[in-house]
Amino acid sequence: MVYAFLKYTLLEVDGVQRQSPCKHYVKVRADHLLSGRVRPLMFRTEDGPTVIIDAVEDEREAPALKAGGQGMRYLCRVGERHVFLFYDEPLWFIEADQVLAEAIFSGG
Amino acid sequence: MSRVILHCDANSFYAAVEMLYDPSIRDKPVAVGGSVEARHGIILTKNQKAKACGIRTGEAIWQARQKCPGLVCVPPDYPLYVRFSKKMRRLYEQYSDRVESFGLDEAWIDLTNPGVTIADGERIAHQIRQRVKEELGITVSVGVSFNKIFAKLGSDMKKPDAVTVIPPDSFRERIWRLPAGELLYVGPSTQRKLARMNVRTIGDLAQLDTGVIQYCLGKNGLLLKAYANGLDESPVMPVDFRAAIKSVGNSTTPPHDIATAEDARCIYYLLAESVAARLRQEGFRARCVTISARTTELVTRSHQRMLKRPTNLSGEIAAMAMQLFHERFGDGLPYRSVGISCSHLTLDDAPIQLDCLGDEDRRIAVESMERSIDDLRRRFGHQVVQRGVVLTDRGFADINPVEDHTIHPVPFFSG
């Protein structure tokens, strides 16, 4: 049994960012559906351009083996390309090597 | 009907999660250990590569570094491990409503149902193993057997990412040749005692004479012999299981010693309030109040007394505590810490003997008021309503009497 009567309201703390070359943390705009599912619509890095997701082709719990991490994995189609978008609560990131990341964020 | 029980054990759990989050260390020997900078702390978990260097859980980090100069030592990130533990549990709960966790990285799953065989258990075990790897990115070893002890033994036999079956008809061939120390609850000390009787394997233990083992190891010896013979009947606790509450207590070590009876009064009221609130929350009244006090020399004493009527009112509990304090502890000041515990619990909706000359009306009114205070505190925090006596000392008034108690690993005999 855990009892925690806190004297002060708990402050919500930000997630800890763990960096790696294939990991790009992003801001996400998403639809939260009535069923509770989340459908991401677009994302951007802190100062980059907005990238619109054309379609989410798959979603499942999965590890991010290249970037490091684990969470709900969305297979997003952006134009001609595919990229994995992860929701590793409370953070979102995309898993992409340098070539893919440049192509996606430059809109090319 | 033979039971079908799985035991899932995450392989090098902390290290596996750390490797999942940092791809650059995956091919290196990795250990999760306490504070590295402070030059103390011990190895909590290590991966396969570190194990190959001879690093053992529990040894000091500097020792480990001597054995393996390239060792990557990372500090533990408990919130992350707890999150993974919960995710694993959610996955297990898709297969049964009887899932009992054993620490953060282990759990038993009871699949027993009419028509479910050990072979079905093995199939589900492979499915779970596969899903944990694909969805969470870490690996588990699963033991499948007809009792909890053998299921746990099985999960230790083949690692990592493997399933071991110990069926009821052939467990003797499979495990009786294993060293006795492999069995749950045979630690180094028991192992030494057994070795003196020339008991070295689980089979030796199973066939040892009942009288001899009881003489040497007492009641626990009989238990171990039963385990070795596959006679463990302990159930896998259902998901919503909570151990029966026998007493409700609280103690505190305030910021400064309790030097006067007035200090003690303040602290006992504070503790009585939290104990009474918990009694009400759990739906109990208590007949017996125990107070304890620890002197500055760290000697603890306690005394208890029965109340006339079962109660869940903080005023009555505190009054009894103070009465006991004056009679028993008044001379021993100062004290370092004090506590109150209430036992002999009855359900609060059980009929009680009313007292026609008594003050039942007032008691009912007070209980109603205290429940309102509970609700206010739940909504606005503990400090929102306080007794006047508590405010006599600002240092004490800031104490939060209710603390968080979670213990890992949990004991096996928790039922």
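Asks: It is not clear to me how the overall build of chain A should be interpreted in this structure. Could you clarify?
Replies: Counting its regular elements, chain A contains 1 helix and 8 strands. Across chain A, helices and strands are ordered from the amino to the carboxyl terminus as β-β-β-β-β-β-β-β-α. Every one of the 108 residues in chain A was classed for burial, and the buried ones make up 25%. Sequence-distant contacts, at least 24 apart, represent 38% of the contacts inside chain A between residues at least 6 apart.

Asks: Is there a simple way to think about the domain arrangement of chain B in this case?
Replies: Size of an interface: often given as the accessible area lost when the parts come together. Residue and element names in this part refer to chain B. Each assigned domain of chain B is listed here: domain 1 (1–167), domain 2 (176–240) and domain 3 (242–351 + 381–415). Once you take the C-alpha centre of each, domain 1 and domain 2 turn out to be 24 Å apart. Between domain 1 and domain 2, the residue contacts involve 16 residues of the former and 11 residues of the latter. Among the secondary structure elements, those contributing two or more residues to the side of domain 1 that touches domain 2 are strand 5 (99–102), strand 6 (106–110) and helix 6 (148–157). At 6 residues, helix 6 tops the list of elements feeding residues into the side of domain 1 that touches domain 2. Of the residues contributing to the side of domain 1 that touches domain 2, the split by class is 7 nonpolar, 1 polar and 8 charged.

Asks: When you look at the sheet that holds strand 3 (residues 38–44) of chain A in this model, what are you seeing that I'm missing?
Replies: Sheet strands pair by backbone hydrogen bonding; their relative direction is either parallel or antiparallel. Residue and element names in this part refer to chain A. With respect to topology, 3 strands assemble into an open sheet ordered 2-3-4, the strand pairing being antiparallel. Single-partner strands in this sheet number two, and they are strand 2 (27–32) and strand 4 (51–52). As paired strands, strand 2 and strand 3 are joined by 6 bridges and run antiparallel to one another. Bridge pairing links Arg 29 to Met 42 in strand 3.

Asks: Is there a simple way to explain the nonpolar core in this structure?
Replies: All names here are of chain B. Counting residues in hydrophobic clusters, the biggest one holds 69 residues, and the most contacted among them are Leu 6, Val 17, Ala 31 and Leu 205. When residues of this core are assigned to their parent elements, the largest contribution, 8 residues, is made by helix 1 (residues 13–21). Inspection of this core shows a minimum of three residues originating in each of domain 1 (1–167) and domain 2 (176–240). In this structure Ala 31 touches Ala 15, Ile 43, Thr 45, Lys 46, Ala 50, Ile 55, Ala 64, Leu 71 and Cys 73, once residues within four positions along its chain are discounted. Ranked by size, the runner-up nonpolar core spans 32 residues in total, among them Val 248, Ile 291, Val 338 and Cys 342.

Asks: Teacher, can you tell me more about the sheet that holds strand 1 (residues 5–10) of chain B here?
Replies: Residues and elements named next belong to chain B. Strand order in the open sheet formed by 5 strands is 5-6-1-7-8, and the pairing between neighbours is mixed. Two strands lie at the open edges of the sheet, namely strand 5 and strand 8 (163–165), each paired on one side alone. For this sheet the average axis-to-axis angle between neighbouring strands, irrespective of direction, equals 15°. In this structure, strand 7 (residues 140–145) lies alongside strand 8, joined through 3 bridges in parallel fashion.

Asks: Would you explain the packing of helix 10 (residues 210–217) of chain B against helix 11 (residues 219–228) of chain B in this entry?
Replies: Packed helices, taken two at a time, are described by their axes: the angle between them and the distance between them. All names here are of chain B. Running from amino to carboxyl end, helix 10 crosses helix 11 at an angle of 130°, the nearest separation of the two axes being 6 Å. Accordingly, the angle class assigned to the pair helix 10 and helix 11 is oblique. Taken as a pair, helix 10 and helix 11 cross one another with a handedness that is right-handed. Where helix 10 abuts helix 11, its residues Thr 210, Ile 213, Gln 214, Cys 216 and Leu 217 lie against Asn 220, Gly 221, Leu 222, Leu 224 and Lys 225. Class assignment of the residues belonging to the contact of helix 10 with helix 11 gives a composition of 5 nonpolar, 4 polar and 1 charged.

Asks: How should the environment of Asn11(B) be read in this particular structure?
Replies: Residues and elements named next belong to chain B. The residue Asn 11 is located in the loop between strand 1 and helix 1 in this model. A sequence separation of 263 residues divides Asn 11 from Ser 274, and the C-alpha atoms of the two residues are 41 Å apart. If near-sequence neighbours (up to four positions away) are discounted, Asn 11 is found in contact with Ala 16, Thr 139, Val 140, Ser 141, Lys 159, Pro 160 and Asp 161.

Asks: I tried to follow the packing of helix 4 (residues 78–92) of chain B against helix 5 (residues 118–136) of chain B on my own but got confused; where do I start?
Replies: Residue and element names in this part refer to chain B. Where helix 4 contacts helix 5, the two axes come as close as 11 Å, and the packing angle between them is 140°. In this view, helix 4 runs oblique relative to helix 5, as classed from their interaxial angle. In the crossing of helix 4 with helix 5, the sense of the turn from one axis to the other is right-handed. Contact residues: helix 4 offers Phe 84, Lys 87, Met 88, Leu 91 and Tyr 92, while helix 5 offers Ile 128, Arg 131, Val 132, Glu 135 and Leu 136. Broken down by class, the residue content of the contact of helix 4 with helix 5 amounts to 7 nonpolar, no polar and 3 charged.

Asks: So what exactly am I meant to see when it comes to the pairing of strand 6 of chain B here?
Replies: Two faces, one strand: in a regular strand the side chains alternate between the faces of the sheet. Residue and element names in this part refer to chain B. Counting buried positions along strand 6 yields 5 of 5 residues, so the element is predominantly enclosed. Burial along strand 6 is two-sided: the face carrying Glu 106, Trp 108 and Asp 110 and the face carrying Ala 107 and Ile 109 are both buried. The pairing of strand 1 with strand 6 spans 5 bridges and is classified as antiparallel. Among the inter-strand pairings, Ile 5 is bridged to a residue of strand 6, identified as Asp 110. In this sheet, strand 6 lies alongside strand 5 in antiparallel orientation, the contact comprising 4 bridges. Note on strand 6: the bridge partner recorded for Val 99 is Ile 109. The hairpin formed by strand 5 and strand 6 contains 3 residues between the paired strands, and Gly 103 there has a positive phi angle of roughly 75°.

Procedures and definitions
- Residues numbered from 1 in each chain as written.
- Chains lettered and ligands numbered in written order.
- Predicted model: local features only at pLDDT ≥ 70, side-chain atom pairs only at ≥ 80, totals over all residues.
- Helix = DSSP H or I, 4+ residues; strand = E, 2+ residues; numbered from the N terminus.
- Buried ≥ 20, exposed ≤ 12 C-beta atoms within 10 Å, placed from the backbone.
- Contact = placed C-beta atoms within 7 Å.
- Domains from an automatic or database assignment.
- Nonpolar A, V, L, I, M, F, W, Y, C, P; charged D, E, K, R; others polar.
- Pairing = 2+ DSSP bridges.
- Core = buried A, V, L, I, M, F, W, Y, C linked by C-beta atoms within 7 Å.
- Axes fitted to C-alpha atoms, helices over the stretch in contact; angles between N-to-C directions.
- Parallel < 35°, antiparallel > 145°, perpendicular 65-115°, else oblique.
- Left-handed = near helix turned anticlockwise from the far one by under 90°.

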